[in-house]
Amino acid sequence: MRKGIWGIILFFGMTAACGSSGVETIPEYREAYALMEQVPDTNVQVEVAGQSKGNPPVWIKYRWVLGKDSTDNKVIYITVFSKSPFALTESSIKTPDEIAQIKKAVEMFTRDKVAEVKTEVKIDDPKLTPFLDKWIAALSEQVAGSYAINVENYWEKMKIVGQNAPGEYYRVFKRYMIDFSFYSERAAKVWDEVSAKMPADLKSKGTVIVYKMMLPVSQGQ
């Protein structure tokens, strides 16, 4: 990272950093964060007639989770959901709907982290909002399309009962993983592009927020 940027961060973030051990504990799941919204079936009685593994994995309940992978790297996990007439087929190609759900989850994650950092460094300038919104939109678009990797899948076969024309369909859940270091690199690049023509004072404030989000990773955590 550029020395000048970190100087800005330290200037604005000094108070928040005091008394901190500098180590962030990242639980596998954060209960307080947004749960995945599943719209219940209406006017149809259904029952689970089969599934791809034993008990449903807990990750199907979460739209996004900040955690670590098997090698202790910081990652963002994202769950996407769909209904299908077929059981899940393995594919490295993301559907447009999956990309849209990943994009929304990345946006939710980024907005949550921005809100946390703004409170921590005590920066809340309304004039900065349009630039942060533009940055978040561009970042979410790029990360969803290129950096999300499918790492786990789960499906349930749903049987329609109590109808004159019984049938079945599948509820499909796919778990994607985004390496936080890749996310951070892309976040920095997109911010450099968005902030290129910003007023100097707003650019400095925005830079503090954007790079503060990535600070733990840059310190090797």
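Right above here is the structure, for reference.
Just so it is clear, the model here is predicted, and its values are computed rather than measured. (Residues numbered from 1 in each chain as written. Predicted model: local features only at pLDDT ≥ 70, side-chain atom pairs only at ≥ 80, totals over all residues. Heavy atoms only, no water.)

Asker: I'm lost on the environment of Asp69 in this one. Help?
Answerer: With respect to the helices and strands, the residue Asp69 is situated in the loop between strand 2 (64-68) and strand 3 (74-84). Taking the C-alpha atoms as reference, Asp69 lies 8.7 Å from Asp179; in sequence the two are 110 residues apart. One polar contact links the side chain of Asp69 to the main-chain amide nitrogen of Asn73, over a distance of 2.8 Å. (Helix = DSSP H or I, 4+ residues; strand = E, 2+ residues; numbered from the N terminus. Polar contact = N/O pair within 3.5 Å; in protein donor to acceptor, adjacent residues only side chain to side chain.)

Asker: Please explain the pairing of strand 5 (residues 168-179) as it appears in this structure.
Answerer: Look at any regular strand and the pattern is simple: side chains alternate between the two faces of the sheet. Across the 12 residues that make up strand 5, a large majority, 10, are buried. Of the strand pairs in this sheet, strand 3 and strand 5 are connected by 10 bridges, and their pairing is antiparallel. Along strand 5, the bridge assignment pairs Lys83 with Arg171. When strand 4 (residues 149-161) meets strand 5, the two strands line up antiparallel, connected through 10 bridges. Within strand 5, the position partnered with Tyr154 by the bridge is Phe173. (Buried < 20%, exposed > 50% of the residue type's maximum accessible area, 1.4 Å probe, protein only. Pairing = 2+ DSSP bridges.)

Asker: How do you make sense of the pattern of salt bridges when you look at a structure like this?
Answerer: Once their charged atoms are close, side chains differing in charge can pair, the charge on each being opposite to the other. The tally for this structure, following the rule as stated, stands at 13 salt bridges. For Lys157, the salt bridge is made with Glu168, and the minimal N-O distance between the two is 3.5 Å. Placement of the pair is Lys157 in strand 4 and Glu168 in strand 5, with a sequence separation of 11 residues. A relative accessible area of 25% means that Lys157 is categorised as partly exposed. (Salt bridge = Lys/Arg side-chain N within 4 Å of Asp/Glu carboxyl O.)

Asker: For this particular structure, what's the right way to read the packing of helix 3 (residues 129-146) against helix 4 (residues 180-194)?
Answerer: The geometry of a pair of packed helices is captured by two quantities: the angle between their axes and the separation between those axes. One can describe the packing of helix 3 onto helix 4 by two numbers: an axis separation of 9 Å at closest approach and a directional angle of 135°. The angle between helix 3 and helix 4 places the two elements in the oblique class. Considering only the axes of helix 3 and helix 4, their crossing is right-handed. The segment helix 3 lies against helix 4, with Phe131, Leu132, Lys134, Trp135, Ala138, Leu139, Gln142 and Val143 engaging Tyr183, Arg186, Ala187, Val190, Trp191 and Val194. (Axes fitted to C-alpha atoms, helices over the stretch in contact; angles between N-to-C directions. Parallel < 35°, antiparallel > 145°, perpendicular 65-115°, else oblique. Left-handed = near helix turned anticlockwise from the far one by under 90°. Contact = heavy atoms within 4.5 Å.)

Honestly, it's all geometry; don't read function into it.
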